[in-house]
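Understanding the architecture of this molecule
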Amino acid sequence: QVQLVESGGGLVQAGGSLRLSCAASGRTSSTVVMGWFRQTPGKEREFVATIRWSGGNTFYADSVKGRFTISRDNAKNTVYLQMNSLKPEDTAVYYCAVGTSYYRPNEYDYWGQGTQVTVSS
């Protein structure tokens, strides 16, 4: 089992920045990939960014590419999402997640509780 706790959300004005953190605990040795997702009420969960735990390869949704940066600290079992040039459409609850499958790295097994990000216009 892996437990994930997100932090760093808040209210910012358009153009501002936030850095989200996600600390993992438990059986963290099973981590293959960690990712960030976001969800707005009434909408489906949306992929934001992922990072491979070994190697650090990253991938971003087109909507955040060039503005958001995902990174990780393997020693601290923590993944970060640096969000710059925030837009009102970035408003959502942001969740971090862990995938444990080497065969299906796009499938996630553990999820955090979420942290609210609100961007005012």
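Preceding this section is the structure that the text describes.
Throughout what follows, the structure given in this document is the object of discussion. Because the structure is predicted, anything quoted here is derived from the model rather than measured. (Residues numbered from 1 in each chain as written. Predicted model: local features only at pLDDT ≥ 70, side-chain atom pairs only at ≥ 80, totals over all residues. Heavy atoms only, no water.)

1. What to know about the side chain of R67
Mapped onto the elements, R67 comes out in the loop between strand 6 (58-60) and strand 7 (68-73). On the accessibility criterion, R67 (11% relative accessible area) is buried. Looking at R67, its side chain comes within polar contact range of the main-chain oxygen of S63, at 2.8 Å. Here the side chain of R67 touches D90 through a polar contact of 2.7 Å, side chain to side chain. Filtering out sequence-adjacent residues up to four positions away, R67 remains in contact with Q82, M83, N84, S85, L86, K87 and D90. (Helix = DSSP H or I, 4+ residues; strand = E, 2+ residues; numbered from the N terminus. Buried < 20%, exposed > 50% of the residue type's maximum accessible area, 1.4 Å probe, protein only. Polar contact = N/O pair within 3.5 Å; in protein donor to acceptor, adjacent residues only side chain to side chain. Contact = heavy atoms within 4.5 Å.)

2. Points about the side chain of S30
Of note, S30 is situated in the loop between strand 3 (18-26) and strand 4 (33-39). Leave out the neighbours within four places in its chain, and S30 touches V2, G99 and T100.

3. Observations concerning the sheet that holds strand 7
Within the open sheet, the four strands sit side by side as 1-3-8-7. Their pairing is antiparallel. The open sheet has two edge strands, strand 1 (2-7) and strand 7, and neither has a second partner. In this sheet, adjacent strand axes meet at a mean angle of 15° when their direction is disregarded. The sheet contact formed by strand 3 and strand 8 (residues 78-83) spans six bridges and is antiparallel. Paired with R19 across the bridge in strand 8 is Q82. (Pairing = 2+ DSSP bridges. Axes fitted to C-alpha atoms, helices over the stretch in contact; angles between N-to-C directions.)

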